[in-house]
Each structure stands twice: as C-alpha cells, then as structure tokens.
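So you can see what is in the structure, the chains are spelled out below.
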Amino acid sequence: MTKVIQVNPDHPEVQAIEQAAAIIGQGGLVAFPTETVYGLGADAMNEPAVRRIFEAKGRPTDNPLIIHISNREMLDLVAADLSDQAEALIDRYWPGPLTLVLKRRTAVASSVSAGLPTVAVRMPGNPIALALIGAAETPIAAPSANRSGRPSPTTAAHVRLDLEGRIAMILDGGATRIGIESTVLDLTGGVPVILRPGWITKEQIAAVVGAIEPAASLAELQRSPGTRYRHYSPRARVLLIEHGATASVEQICKEHLKTATVGFIGHTPLAIDDARFQAMILQAKAADYASKIYSALREMDERGASLIIIEGILDAGEGAAVMDRLRRAASETLRE
Ligand code: TXA
Ligand code: MG
C-alpha cells in the first residue's frame, strides 16, 4: 500500500514532512512535488535505497539520477571542484529548474551516477521538496516519479497510477507549476553543454557563462544516457505537426479519422463533428503547453485515442524544451 498525504504547497505541514523524512531515513521511497514534475526520492548516500528507485520505476540501471539538495552545504557532500561558472549559475538560478553535471564525490551511492565519474545536482524551487530534503538531512536522489518510458507525472494522481504499491508514500502538493523537467547542463568539459533543454533556456545560461554549446552533439549525448531512451510516451501513437508546417491541421485530423480514433492536442480550434474525435485546446505559449502536455497525453490515452495528433509551437526560448519533449514522444513528425 502506498500512503498518500495532502500537503499545503506553500506551508508544508511539519508532521507530514517528518513522516516522509523518516521513510527516507529508513531507506524507503517517497514521491514528492518539485516545481517541474513529481520526483521519486531516496537517500542519495544509501546504495540499497537508490537501487529501489530503479526497481520501482523499471528504469535501466545505466541511466543516472539527479540529486536534490536544500542548501549550499549539501552540495559539497556530493560534488567537488566547482568552477566559477558553476558558482555563478548557482547564485543566479538556484533554487530552480537547472540541473548541473559536476565532478562526483565518492560518498554518493554509486548507482546514482550509473558508474560515471560525474553527478547531476539541483536545488528544487518547491517548499515541499526543500522541507523534505531538509528534514531528511541528506541529499535525495530523485528521477521523475513515473514508470520508465511513461510521461512524467505532474500530479499525485499520475504518480499513483504508475507506482501504487511500489513506493511507501506520496506527498500530494497539487499540480506542479512548470510541468516539464529541468534543464541539464554539463559543466565537466571545457565549454558548458546542454544535455537536456528545460525551463532555464540556453539564452539565460549564456547570459551568465558566455559561450555554451548550442546543441548537444551525438557524442555528447552519450554523456547523458537518459537522452538515448524513448521517453514521455503515451500508449497511443503520436503524430507531431511541427510549427511552420503548411499542411492544414484540420485536414490532417480528418484524414486520420478514416482509420483512427483521434485525440487532438493543439492551439487551433477545430470544428470537427465526429464521435471518434476529441480535442484539448491550449494557448500557443510555452508555459501553457509545458504545464498541460503530460497530463493531456495521459488523458487522451484514458479517453481511448488510438492516435494523438499534436500541434507544435515555436522552437525558441522555453518553447525549445517543450518541442524537445514532443519530438521524443512522437512516433511520426510532419514538417511541411
Ligand atoms: O525536473 C527534473 O529534473 C525532475 C525533477 C524530479 O527534479 N527529474 C528528472 O529526473 O527529470 P530524470 O531521472 O527523469 O532525468 C534525469 C536526466 C536524465 O536524462 C539523465 O540521463 C541525466 O539527467 N543525468 C543524470 N545524471 C547524469 C550525469 N551524471 N551525467 C549526465 N546526465 C545525467
Ligand atoms: Mg524522467
């Protein structure tokens, strides 16, 4: 049985936080909200505890985890040799959705890093997450709290659907604010490299550190094993219509309705009257897409869509992170 406790997202109740911290202290698993998505946490310094995360998620053990900390001192337990660039980024963007890949300290449970000499760390901008880490008095390793390959969870209900019975507790702090995962930035080479785009944009990072690698090359992506796996996938097939494609969204939906039950997620209101068609209309803005896209994918699955057609947005600023996730979820992409 998984215990679910409601927690006030602005003023987390001490009793709930202490119960969750006690589970972490005993090597157990607790799902908790961050400002991006829900995380599945365990004590990052406890090897058997960290292994339980991989088991509960069904996650390949060569895909390393992000460590979450609640203050600057905790960083020195897990990472070493911070550059001036790292310090400047920390000053500017923590707490917040920026994960830094740094040189690892050996006290970290080895499976957190999946054998790499590096460690990914961030300080989440969410009062429940910070209170839990503080009360547990240890850095917490936490991947997104979904079964491996499924869309990341943005509500406690999503976590429950994926992990009920596999984890001890869920702290329910309501829907997460941002909705897609943090930016992952590798600072262990000469020039910083974005391994995963996220809510902190490349422009925001460049404003602090100067030059960054514009997009991770294939060789660099090998350094972020997570980017090799298929991700964020609903059960239905996903067709992505890129922003700028000239084809009519309405025509594409009508064409596919001949052979499929279509769930449309996009920003163009469509007048299609067909029992096998349903639509979720979003604002054509990165913030609206980010906060709703994962739950929309799950919902279209529940409503029985056999094909999900997604209308993309402009690939710039925060939209770059949204489009990265949509392209990973897509089995087919329409560019023209
Ligand atoms: O917003 C987030 O980052 C959420 C919340 C819960 O904090 N967490 C999250 O974790 O998305 P996860 O495990 O789903 O994604 C972690 C990503 C993966 O792409 C993984 O490969 C990469 O970070 N990563 C972790 N450690 C790494 C390392 N040492 N070197 C390179 N990439 C690393
Ligand atoms: Mg994940």
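These numbers come from a predicted model, not from an experiment.

Participant: Just checking my understanding: could you explain the overall build of the protein chain for this structure?
Facilitator: Secondary structure summary: the protein chain contains eleven helices and 16 strands in total. For a compact globule of 336 residues, the expected C-alpha radius of gyration is about 20 Å, and the protein chain comes in at 20 Å, within 12% of that figure. For the protein chain, the spread of C-alpha atoms along the three principal axes comes to 60 × 50 × 35 Å. Split into buried and exposed, the 336 residues of the protein chain put 56% on the buried side. For the protein chain, the share of sequence-separated contacts (at least 6 apart) that also reach a separation of at least 24 residues comes to 68%. Of the side chains in the protein chain, 34 bear a positive and 38 a negative charge, and the two mean positions are spaced by 5 Å.

Participant: Could you clarify how one ought to interpret the domain arrangement of the protein chain in this entry?
Facilitator: Accessible area lost upon the coming together of the parts serves often as the stated size of an interface. Each assigned domain of the protein chain is listed with its residue range as follows: domain 1 (3-221) and domain 2 (237-334). On a C-alpha basis, the centres of domain 1 and domain 2 stand 28 Å from each other. With 22 residues of domain 1 in contact, the opposing surface of domain 2 contributes 18 residues. Carbon and sulfur atoms supply 59% of the area that domain 1 and domain 2 bury against each other, a total of about 1,500 Å² over both sides. Between domain 1 and domain 2 we count three salt bridges in total. Remark: the boundary between domain 1 and domain 2 carries six residue pairs in polar contact (both at pLDDT 80 or more). Here the residues of the side of domain 1 that touches domain 2 sort into eight nonpolar, eight polar and six charged.

Participant: Can you help me understand the pattern of salt bridges in this one?
Facilitator: Proximity of charged atoms lets side chains of opposite charge pair with each other. Taken as a whole and judged by the stated rule, the model has 21 salt bridges. Taking the shortest distance from any N to any O, the salt bridge between Asp81 and Lys103 comes out at 2.9 Å. Of this pair, Asp81 sits in the loop between strand 5 (79-80) and helix 4 (84-93) while Lys103 is found in strand 6 (residues 98-104), placing the two residues 22 residues apart along the sequence. Its relative accessible area of 62% is what places Asp81 among the exposed residues. Residue classification places Lys103 among the partly exposed positions, given a relative accessible area of 45%. Salt-bridge contacts for Lys258 lead to Glu255; the nearest nitrogen and oxygen are separated by 3.2 Å. Classification of Glu255 by relative accessible area gives partly exposed; the value is 46%. Within the structure, one salt-bridge network assembled from shared partners comprises Arg150, Asp162, Arg298 and Asp301.

Cut-off values and rules
- Positions within a chain are numbered from 1, following the residues in the order the chain's sequence is written.
- Whichever chain is written first becomes A and whichever ligand is written first becomes 1, with later ones labelled in order.
- Only residues with pLDDT of at least 70 are given local features in this predicted model, and only at 80 or more are side-chain atom pairs given and counted; all residues enter the totals for whole chains, interfaces and linings.
- Here the side-chain values reflect all heavy atoms present in the structure, with hydrogen atoms and water set aside.
- The way it works is that DSSP assigns letters per residue, a run of H or I at least four long becomes a helix, a run of E at least two long becomes a strand, and they are numbered from the N terminus.
- We compute the radius of gyration over the C-alpha atoms and compare it with the globule rule, which gives 2.2 Å times the number of residues raised to the power 0.38.
- For every residue, the accessible area obtained with a 1.4 Å probe (protein chains only) is divided by the maximum for its type, and the residue is called buried under 20%, exposed over 50%, and partly exposed between those limits.
- Between two residues, a contact is recorded if the distance between any of their heavy atoms is within 4.5 Å.
- Residues counted as positive are Lys and Arg, residues counted as negative are Asp and Glu, and His and the chain ends are not counted.
- All charge positions are set by atom: Lys at NZ, Arg at CZ, Asp at CG, Glu at CD.
- The source of the domain bounds is an automatic or database domain assignment.
- As a working definition, buried area equals the accessible area (1.4 Å probe) given up by two parts on being put together, with both sides summed.
- Salt bridges are defined as contacts in which a side-chain nitrogen from Lys or Arg sits within 4 Å of a carboxyl oxygen from Asp or Glu.
- Counting of polar contacts relies on pairs of N or O atoms within 3.5 Å, with two restrictions inside protein: one atom must be capable of donating a hydrogen and the other of accepting it, and residues adjacent in sequence are counted only when both atoms are side-chain atoms.
- Any residue outside Ala, Val, Leu, Ile, Met, Phe, Trp, Tyr, Cys, Pro, Asp, Glu, Lys and Arg is labelled polar, Gly included; the first ten of those are nonpolar and the last four are charged.

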